[in-house]
Amino acid sequence: MLDFVTVILAAGKGTRMKSKLPKVLHRAAGKSMLQHVIDAAYAAGARRNIVVTGFGGDVVRTAIGDSVEYVEQCEQLGTGHAVLQAKDLLSGEHGTIMVLCGDTPLLTAELLARFHEEHVNAGAKATVLTAIMPNAKGYGRIIRRENGEVLKIVEHKDATPEEREIHEVNAGIYCFDAEALFSALTKVTNDNAQGEYYLPDVLSILRDAGEKIWAVVADNYESTLGINSRSQLAVAERILRKRKVEELMADGVTIMDPNTTFIDAEVRVGMDTIIYPFTILEGVTVIGEDCIIGPHVRFQDMVIGDGVKAHYVYAHDAEVESGSDLGQFNHIRPDSHIGTGVKIGNFVEIKNSNIGECSKVPHLSYIGDCDMGAHVNMGCGTITVNYDGKNKYRTSIGNDAFVGCNSNLVAPVVVGENAYVAAGSTITRDVPSGTLAVARARQKEIEGWHDKRK
Ligand code: UD1
Ligand code: MG
């Protein structure tokens, strides 16, 4: 694969988003628009990606990290001016520079790879990606000669009423020969309706100098949609989510109702897993094979083994091993590790705890800061008392221990292997292995109480 270098424009404020956040950091399918573009570029063969930042540059750099290079555009004087800022960083490059915008999250790696290949095959100095847009308002229009040759690009605000009738638009994505790009950019002026230095003007400058310019039409316009408002963001979100569920179904996942199932772009799900409606899988969640997930499950950054069942669960930043059963109405909180074959039953909260193989927490429990062994049975309503108002302490429960209903284990405390805790106990001292601890007031019966009261 022939590689290339990109310049990704992301300096604009995105006024129409009406947001404190730079436009390109708004998310669709769980990933910022800019990250979608960067990922597609890398997957299509980009060797270096240079992001032009401006409005909220620091926030963009922090969010995206150091997988790309950055250059600052201090004043937003137009897309041509933005690309010019990358000139020094690109001084050693002699191949293709692909220019992309950070607000086109629907681009696919396949489209970019094909576009680059066609640019190289055409032997052009500049190639623009175009799309046939049903509603072309706001886009630059592609003006062609009768023989089909591209003459120039006219911005919506500069276009005549006849030019505005044209539906072929500039997708804002270009391949340039590096030297030709930077020499033409110095000739771009800001003599236009917006007083900006327009990048698309490079095409007519090169054409007038007798260079070959070329255009490639995208086979569907959706992939090239530029997002400028929250309403358009919602359109992108819907398309990305549809793509994701289609991709998973093609890989052997059953999704009962794609319209009520929301799966982020990076989520992975194994074969023969069945997803019931009203399920939201977010972040970098990974789910194994043969699971039954939903209805009403929200997983964020979860790792789930094979054959796990979960319904009516909210779980985040935790791991659940194969064959476990979660539900219903559970909250699994960060840094919890649920072993294989575990049962977490109705109305249970688990936080920063390890639950050993085949242990059961079947009803109405709070398990926080606890290390539980294997085959432990926690009776209904058992609570780890982990917080004294100042500090948190851990509870440790050995293998095969049996904790009776409605017990409090006041941490720090250890319940040994094969130990028993009598129902209703408040345990404040360690319970040695194999013993029974009873820590509650003894029952007494007062005879004749009924008659005495009368
Ligand atoms: C641009 C194109 C238009 C094309 C459309 C496709 C120009 C002049 N127009 O218009 O032909 O149809 O994209 O979506 O290029 N940016 C900077 N610095 C600036 C100005 C913009 O980095 O000084 C960035 C923005 O953050 C954005 C991208 O460039 O990511 C495009 O800018 P935007 O204002 O959205 O241009 P459009 O009006 O959409
Ligand atoms: Mg735009």
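Everything discussed here concerns the structure shown above.
Predicted model only: the values in this text are computed from it and were never measured.

On to the environment of Glu-266. Within the secondary structure, Glu-266 sits in the loop between β13 (261–263) and β14 (268–269). Given the relative accessible area of 40%, Glu-266 is considered partly exposed. Here the alpha-carbon distance between Glu-266 and Gly-283, two residues 17 residues apart in the chain, equals 6.5 Å. In contact with Glu-266, not counting residues within four places along its chain, are Lys-31, Asp-39, Lys-244, Gly-283, Val-284 and Thr-285. There is a polar contact of 2.6 Å between the side chain of Glu-266 and the side chain of Lys-31.

Time to look at the site of ligand 1. Taken together, 23 residues are adjacent to ligand 1, and Gln-73, Gly-78, Thr-79, Glu-155 and Asn-170 come closest. Here Thr-79 contributes a side-chain N or O atom positioned 2.7 Å from an oxygen atom of ligand 1. Here an oxygen atom of ligand 1 and a backbone polar atom of Asn-170 are 2.6 Å apart. Computed on the free molecule, ligand 1 has an accessible area of 750 Å², of which 88% lies beneath the protein chains in the complex.

Right, let's talk about unusual backbone geometry for a bit. For the bond running from Gly-294 to Pro-295, omega is 0°, close enough to zero to count as cis. Here Pro-295 is to be found in the loop between β18 (292–293) and β19 (297–300). A positive phi angle is found at Lys-18, which is not glycine, with a value near 50°. Mapped onto the secondary structure, Lys-18 falls in the loop between β1 (4–10) and β2 (27–28). Exposure remark for Lys-18: the relative accessible area of 74% places this residue in the exposed category. If you check the backbone angles, Asn-352 has positive phi at about 40° while not being a glycine. By the element assignment, Asn-352 lies in the loop between β28 (348–351) and β29 (354–355).

So, about the pairing of β28. Consecutive residues of a regular strand have side chains that alternate between opposite faces of the sheet. Note: strand β25 (residues 330–332) against β28, three bridges, orientation parallel. From the neighbouring strand, Ile-332 faces β28, where its bridge partner is Ile-350. Judged from the three bridges that link them, β28 and strand β31 (residues 366–368) form a sheet pairing that is parallel. Each bridged residue has a counterpart across the sheet, and for Ile-350 the counterpart in β31 is Ile-367.

By size, the foremost hydrophobic cluster in this structure holds 47 residues, and its most contacted members are Leu-281, Ile-293, Phe-299, Ile-344, Met-372, Met-378 and Ile-397. Elements that contribute at least two residues to this core include exactly α8 (230–250), β19, β22 (313–316), β28, β32 (370–372) and β38 (413–415). Aside from chain neighbours lying at most four places away, what touches Ile-293 is Thr-273, Ile-274, Ile-275, Tyr-276, Thr-279, Leu-281, Ile-287, Phe-299, Val-308 and Ala-310. In this structure, Ala-11, Ile-142, Val-150 and Ala-184 belong to the second largest nonpolar core, which totals 33 residues.

What counts as what
- Residues numbered from 1 in each chain as written.
- Chains lettered and ligands numbered in written order.
- Predicted model: local features only at pLDDT ≥ 70, side-chain atom pairs only at ≥ 80, totals over all residues.
- Heavy atoms only, no water.
- Helix = DSSP H or I, 4+ residues; strand = E, 2+ residues; numbered from the N terminus.
- Buried < 20%, exposed > 50% of the residue type's maximum accessible area, 1.4 Å probe, protein only.
- Contact = heavy atoms within 4.5 Å.
- Polar contact = N/O pair within 3.5 Å; in protein donor to acceptor, adjacent residues only side chain to side chain.
- Near = heavy atom within 4 Å.
- Areas by Shrake-Rupley, 256 points an atom, 1.4 Å probe, with all protein chains shown as cover.
- Pairing = 2+ DSSP bridges.
- Core = buried A, V, L, I, M, F, W, Y, C linked by side-chain atoms within 4.5 Å.

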